[in-house]
Amino acid sequence: MRPRWKRAGLATGLVLVVCGYVLLLWRGPWWLDGRHLRADNLEAADGVVVTGVRTALVALGAGAVAAAGLYYTDRSLRHTRERDREQAELSREAQVTDRYVEAIKLLASDRTVERLGGIYALERIMRDSPKDHLTVVEVLASFIREHTLLGTAGEARVRADPHPTEYVQAALTVLGRRPVTHEPFRIDLRQTDLRGADLKQARLDRIRLGSAELNGSDLTEARLEDAWLQETCLEGVWLDRAYLGEANLRAANLQGASLVDADLSNANLIGTDLSTARGCTTEQVAAAAAIDEATKLPIGVVAKPAPE
């Protein structure tokens, strides 16, 4: 009902404006200059004044009509553009949904090449559609857990192959190079077998890797800020120039790990085994936030540097 009332009010207003304009053309000259114009028996001079005033009013009316036409044309074009934009957005959303469904189907395949196609299709979706970023991250993390989860008590803890499968490595690579954005959750890869994984320069800040197996993995220059690595097996891991600021390494096993120029600022090293870690220095350990008597340090490395 409201649009009908609006249209009726607009029509009434338009009629009043037209009537007022006609009346202005008729009586306007006398309203504007009535002291110098005769009401009856007009002479030539009066006709010039009346004609001039009416000509000006006609020009003014024509300008107003043109301005109104431009205004409504602009409004119509804006409405059309907005409608086209919404339609394009809906079409794009439908395309993304179709691509996502196809990627999930590929991910569930038994063929390695199809799984790889699904993983990289999800990466493309994550980059093309920021609103789907979190969903894709969750799906990839779930996929990795499904294929690498360690056995329960009484079962074999690790698989025979000391390296991740090609598709698991691909999923790890995609997670490690995902676009930077706010993620309200921690990627959960706890109790997974990621031995021998290639995670060089991977962005793994805030990741949960508690009780995971990463023996022999390459984490050179990886970002592990505020990562949860409690009781994680990092034996023989390459952590050269990695950033472990505020990481929780409580009771983690870093025997034989390479820590050349690694940043351990404010890290939790309570109960951590660094006894045979290579490249570990007193300065690195001193920068940690927490350390106790259960922490095992390499020979020559002390918890606190000697005072100068």
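One can find the structure itself at the top, above this paragraph.
Quick caveat: nothing in here was measured; it's all calculated off a predicted structure.

Q: I would appreciate a short explanation of the overall build of the protein chain in the present structure.
A: A tally of helices and strands in the protein chain yields 6 helices and 0 strands. Counting all 308 residues of the protein chain, 36% fall into the buried class.

Q: Before we go on, may I ask you to explain the nonpolar core in this structure?
A: Looking at soluble globular proteins, one finds that nonpolar side chains tend to be buried together. In terms of nonpolar packing, the biggest core is built from 60 residues, with Ile119, Leu189, Leu214, Leu219, Leu239, Leu249 and Leu254 touching the most fellow members. Residues contacting Leu189, with those up to four places away along its chain left out, are Ala141, Ile144, Arg145, Leu172, Leu194, Ile207, Arg208, Leu209 and Ala212.

Q: Where do I start with the side chain of Thr148 in this structure?
A: Position of Thr148 relative to the elements: it lies in helix 4 (residues 133–148). Exposure remark for Thr148: the relative accessible area of 5% places this residue in the buried category. Looking at Thr148, its side chain comes within polar contact range of the main-chain oxygen of Ile144, at 2.6 Å. Not counting chain neighbours up to four residues away, the residues in contact with Thr148 comprise Val168, Gln191, Thr192, Asp193 and Leu194.

Q: Can you walk me through unusual backbone geometry in this structure?
A: Negative phi is the rule for most residues except glycine; trans is the rule for most peptide bonds. For Gln191, which is not glycine, the phi dihedral falls at a positive 55 degrees. Mapped onto the secondary structure, Gln191 falls in the loop between helix 5 (166–176) and helix 6 (282–286). Exposure remark for Gln191: the relative accessible area of 45% places this residue in the partly exposed category. Phi at Glu221 is positive, roughly 60 degrees, even though this residue is not glycine. Inspection of the secondary structure puts Glu221 in the loop between helix 5 and helix 6. Classification of Glu221 by relative accessible area gives partly exposed; the value is 30%.

Q: Please clarify how the environment of Val139 should be interpreted in this entry.
A: Structurally, the position occupied by Val139 is in helix 4. When the C-alpha atoms of Val139 and Ala171 are compared, they prove to be 9.8 Å apart, with 32 residues separating the residues in sequence. For Val139, the residues in contact, after removing those within four places along its chain, are Tyr100, Ile104, Leu107 and Leu122.

Q: Hey, could you run me through the packing of aromatic side chains in this one?
A: The description of an aromatic ring pair rests on the distance of the ring centres and on the angle between the ring planes. Per the counting criterion, the structure on display carries 1 aromatic pair. Residues Phe143 and Tyr167 carry aromatic rings whose centres are separated by 5.9 Å and whose planes lie at 65 degrees to one another, so their mutual orientation is edge-to-face. With a gap of 24 residues between them, Phe143 in helix 4 and Tyr167 in helix 5 connect regions that are remote in the sequence. According to the relative accessible area criterion, Phe143 is buried, its value standing at 4%. We note Arg115 situated over the ring of Tyr167; from NZ or CZ to the ring centre the distance is 4.5 Å. Looking at Arg278, its charged tip hangs above the ring of Trp238, at a distance of 5.0 Å from the centre.

About the thresholds
- Residues numbered from 1 in each chain as written.
- Predicted model: local features only at pLDDT ≥ 70, side-chain atom pairs only at ≥ 80, totals over all residues.
- Heavy atoms only, no water.
- Helix = DSSP H or I, 4+ residues; strand = E, 2+ residues; numbered from the N terminus.
- Buried < 20%, exposed > 50% of the residue type's maximum accessible area, 1.4 Å probe, protein only.
- Core = buried A, V, L, I, M, F, W, Y, C linked by side-chain atoms within 4.5 Å.
- Contact = heavy atoms within 4.5 Å.
- Polar contact = N/O pair within 3.5 Å; in protein donor to acceptor, adjacent residues only side chain to side chain.
- Phe/Tyr/Trp six-rings, centres within 6.5 Å; stacked < 30°, edge-to-face > 60°.
- Lys NZ or Arg CZ within 6 Å of the ring centre and 35° of its normal.

Interpretation in functional terms is not warranted from these geometric data alone.
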